[in-house]
Amino acid sequence: MSELMDKLQSVLNDEESMKQVKELADMLSGGEGKGTASQPEAAPSAPPVDPMLLMKIQGIMSQAAKPDKNIDLLMALRPLLKDENKQKLDRIVKLFRLVSLYPAIKESGILGGDLLGIL
């Protein structure tokens, strides 16, 4: 588990990896990030949308919506924590959700089966 945390920490500290994660998040959220504000609203040559890619993304998003008993336990304990620990808990919950999505992302092959070259 410490190896995984070390790898996640190295991704969080690497600007290029964070850029790739941001691009992935923008892609999954429909491109509503800050980087799209400077782009024109109507792109004349938009690339065609691959329906299989959309199906894979839909499967990943449905996986993200599934309840997790570990996250539920942590969130139940959250009101009992100090404010500084609540922030740490929120970051841990985000990491849990990210790690729980990894098998679905790897299986879908969206990232070539290799998450940012670290796993």
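The structure this text deals with has already been given above.
Before going into details, it helps to say that this report is about the structure given with it. Since this is a predicted model, take the numbers as computed values, not measurements.

## Details of the environment of Arg97
No. 1: Note on placement: Arg97 falls in helix α5 (residues 83-108).
No. 2: Through-space distance from the C-alpha of Arg97 to that of Ile71 is 8.3 Å; in sequence the pair is 26 residues apart.

## Quick word on the packing of helix α3 (residues 51-65) against α5
No. 1: As a packed pair, α3 and α5 sit with axes 9 Å apart at the nearest point and diverge in direction by 165°. Judged by the inter-axis angle, α3 sits roughly antiparallel to α5. Handedness of the α3/α5 crossing: right-handed. The segment α3 lies against α5, with Lys56, Ile60, Gln63 and Ala64 engaging Ser100, Leu101, Ala104, Ile105 and Ser108.
No. 2: By residue class, the composition of the contact of α3 with α5 is five nonpolar, three polar and one charged.

Calculation rules
Residues numbered from 1 in each chain as written. Predicted model: local features only at pLDDT ≥ 70, side-chain atom pairs only at ≥ 80, totals over all residues. Heavy atoms only, no water. Helix = DSSP H or I, 4+ residues; strand = E, 2+ residues; numbered from the N terminus. Axes fitted to C-alpha atoms, helices over the stretch in contact; angles between N-to-C directions. Parallel < 35°, antiparallel > 145°, perpendicular 65-115°, else oblique. Left-handed = near helix turned anticlockwise from the far one by under 90°. Contact = heavy atoms within 4.5 Å. Nonpolar A, V, L, I, M, F, W, Y, C, P; charged D, E, K, R; others polar.

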